[in-house]
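# Structure at a glance
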Amino acid sequence: MALRIGVSKERMAGERRVALVPEVVARLSKQGWEVLVERGAGELSYFPDSAYAEAGAQLADADGVSQAEVIVGVQPPEAAQIARLRRGQLLISFLHVHRNGEAVTALRDAGVTSFAMERIPRITRAQAMDVLSSQATVSGYRAALMAADLSPSFFPMLTTAAGTIRPARVLVLGAGVAGLQAIATARRLGAVVEAYDVRRAAREQVESLGAKFLQVEMDAEAEGGYARELTAEEKEREQVLLRKSIAQADVVITTAQIPGRPAPQLIATSTVHDMKPGSVIIDIAAETGGNCEATRPGERIEIDGVSVYGPLHVPSQLPVHASVMYAKNMQNFLGLLRGEDGSLRVDWNDEILASSVVTHDGAIPVEAVRAAIGGTGS
Ligand code: NAD
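Residues numbered from 1 in each chain as written. Predicted model: local features only at pLDDT ≥ 70, side-chain atom pairs only at ≥ 80, totals over all residues. Heavy atoms only, no water.

### Side note on the site of the ligand
- In the neighbourhood of the ligand, 24 residues make up the surrounding shell, with Arg-122, Val-177, Asp-197, Arg-199 and Glu-238 lying closest.
- Contact distances for the ligand include 2.7 Å between an oxygen atom and a backbone N or O atom of Val-177.
- Between an oxygen atom of the ligand and a side-chain N or O atom of Asp-197, the distance comes to 2.6 Å.
- Here the ligand has 840 Å² of accessible area as a free molecule, and 85% of this is covered by the chains. (Near = heavy atom within 4 Å. Polar contact = N/O pair within 3.5 Å; in protein donor to acceptor, adjacent residues only side chain to side chain. Areas by Shrake-Rupley, 256 points an atom, 1.4 Å probe, with all protein chains shown as cover.)

### Focus on the pairing of strand S13 (residues 280-283)
- Where burial is concerned, the two faces of S13 agree: the one with Val-280 and Ile-282 and the one with Ile-281 and Asp-283 are both buried.
- Both strand S12 (residues 251-254) and S13 contribute to a ladder of 4 bridges, which runs parallel. Within the sheet, the bridge partner assigned to Val-251 lies in S13 and is Val-280.
- Between S12 and its parallel partner S13, the chain crosses via helix H10 (residues 269-274), and the hand of that crossover is right-handed.
- Direction of pairing for S13 relative to strand S15 (residues 306-309): parallel, over a ladder of 3 bridges. By the bridge assignment for S15, Val-280 is matched with Ser-307. (Buried < 20%, exposed > 50% of the residue type's maximum accessible area, 1.4 Å probe, protein only. Helix = DSSP H or I, 4+ residues; strand = E, 2+ residues; numbered from the N terminus. Pairing = 2+ DSSP bridges. Right-handed = clockwise from strand over helix to strand, strands pointing away.)

### Quick look at empty space enclosed by the protein
- One pass over the full model with this rule turns up 1 cavity of 30 Å³ or more.
- A breakdown of the residues in the lining of the largest cavity according to their chemical character gives 4 nonpolar, 3 polar and 3 charged. (1 Å grid on protein atoms, 1.4 Å probe; cavity = no way out; pocket = protein on both sides within 12 Å on 5 of 7 lines; lining within 4 Å. Points joined across faces, edges and corners; volume = space filled by probe spheres on them. Nonpolar A, V, L, I, M, F, W, Y, C, P; charged D, E, K, R; others polar.)

### With respect to the pattern of salt bridges
- What the rule picks out here adds up to 23 salt bridges.
- Its salt-bridge partner being Arg-87, residue Asp-361 comes within 3.4 Å of it at the nearest N-O pair. With Asp-361 in the loop between strand S16 (357-359) and helix H13 (367-373) and Arg-87 in the loop between helix H4 (79-83) and strand S5 (90-93), this pair connects stretches of sequence that are 274 residues apart. Neither residue differs from the other here; Asp-361 and Arg-87 are each classed as exposed.
- The partner of Arg-169 in a salt bridge is Glu-194, with the nearest N and O atoms 3.7 Å apart. With Arg-169 in strand S9 (residues 169-173) and Glu-194 in strand S10 (residues 192-196), the pair connects residues that are 25 residues apart, well separated along the chain. (Salt bridge = Lys/Arg side-chain N within 4 Å of Asp/Glu carboxyl O.)

### What about helix H7 (residues 177-188)?
- Taking 1.5 Å of rise per residue, the 12 residues of H7 would be expected to cover 16 Å, and the 17 Å separating its terminal C-alpha atoms lies within 8% of that figure.
- Directly after H7, the chain includes Gly-190, whose backbone phi takes a positive value near 95°. (Expected span 1.5 Å × (residues − 1).)

### Considering the environment of Glu-293
- Inspection of the secondary structure puts Glu-293 in the loop between S13 and strand S14 (300-303).
- With residues up to four places along the chain from it excluded, the contact list for Glu-293 reads Gln-265, Ile-267, Ala-268 and Thr-269.
- A polar side-chain atom of Glu-293 sits 2.8 Å from the main-chain amide nitrogen of Thr-269. (Contact = heavy atoms within 4.5 Å.)

### Quick look at the nonpolar core
- If you look at the biggest cluster of nonpolar residues, it comprises 61 residues, and the most contacted ones within it are Leu-20, Val-72, Ile-92, Phe-333 and Leu-334.
- Ranked by residue count, the leading element in this core is helix H11 (residues 319-334), at 6 residues.
- Leave out the neighbours within four places in its chain, and Val-72 touches Ile-5, Gly-6, Val-7, Ser-8, Ala-19, Leu-20, Ile-92, Met-330 and Leu-334.
- Listed in part, the 56 residues of the second largest apolar core include Phe-155, Ile-183, Val-193 and Tyr-309. (Core = buried A, V, L, I, M, F, W, Y, C linked by side-chain atoms within 4.5 Å.)

### Some words on the packing of aromatic side chains
- Counted by the stated rule, this structure contains 3 aromatic pairs.
- Arranged with centres 5.8 Å apart and planes meeting at 40°, the rings of Phe-94 and Tyr-326 form a pair that is tilted. Remark: Tyr-326 occurs in helix H11 and Phe-94 occurs in the loop between S5 and helix H5 (101-109); sequence separation between them is 232 residues. Exposure class is identical for Phe-94 and Tyr-326. Each is buried.
- Look at Phe-115 and Phe-333: their rings are 5.5 Å apart centre to centre, the planes differ by 65°, and that puts the pair in the edge-to-face class. (Phe/Tyr/Trp six-rings, centres within 6.5 Å; stacked < 30°, edge-to-face > 60°.)

### Some remarks on the sheet that holds S14
- The strand order across the open sheet formed by 7 strands is S11-S10-S9-S12-S13-S15-S14, and the pairing between neighbours is mixed. Two strands close off the open sheet at either side, each with one partner strand: strand S11 (212-213) and S14.
- Packing of helix H6 (residues 131-150) onto the sheet brings it into contact with S12, S13, S14 and S15, and relative to S13 it is tilted by some 155°. (Axes fitted to C-alpha atoms, helices over the stretch in contact; angles between N-to-C directions.)

So this is what it looks like as structure tokens:
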């Protein structure tokens, strides 16, 4: 019998993505997988059931989908979904282990082999499965558009019969994948862009996009190309350095993250008071607490005429392409799980699988995951 993949409908409020799109279902079917799609799974990302059926999928209800050997999703499964799973089944989705200890222990106790998409190592061979990069690309693009939308002023310079309009000054804090996409998008809209990051290596990438890199006297690059948390003295220097640039900006887009930690605070509320009325802060680090002290995750507030918006579920604001990119990452990951004879095969010597596994055979094999959920795990 062909191996089955079950695509469940996302149930978290605000989530509009789907784990596999019809185009990818067609490719997987050609490779010999049988794909079961929960009815309505693609509805919020504009992929109708009929498109899945045309691509070769079978439509099913939640129970039917949970019969598959491999279940794929975007958000971590809810308790009711885990209750339908059985020993030896595979589940692949975001698991955000730091904030989902209960789901992780339930998956362990159910004997499910689960893989967390966000734990795929960022090595060259895994680039095609890197959901953190694909979804951050979406977030960065959307952040620039949200900023332009909330701004009461033009982004581009305009020379018109009604006079010349100066371009907007956009400051991007955190120049990783999302920050670089925000820079590129703001530049395409005609803004003058400055950017800042604690990793010195970001300078070249920022400058190649035609933006100015703010001088930093530190380099906080840590393992895997990520940033480490700054010392108290470095944090103070950072706030002083940024204060003037923030006050001069029309728009500030913040994207700074430290893996497994709350987002670093880069903008104190007192700095927001220094900004001009009509300025805009878009804080896409809101999901992990925000880079601005004043950010209220999911809300848009105004302080002295400055809009501070910390949107949640940003990739869901572009559900078509966020799903397409996620699905292609998933297809590449699934490619690791199939032997040449078409059977399911998990090669634990593969660094990608060994790093992204969360639960297997009633245990939590990776020490960092056990530590993240704060238990003994195995
Ligand atoms: P991220 O989402 O963890 O963080 C976003 C940015 O915030 C990072 O650039 C980080 O340096 C920055 N930051 C953290 N603390 C800060 C502070 N106090 N002030 C200012 N900025 C701060 O990171 P990311 O976007 O996922 O990527 C980080 C790095 O990983 C980049 O170098 C990227 O090129 C690299 N990367 C490599 C691969 C690969 O090799 N496969 C894939 C993706 C990303």
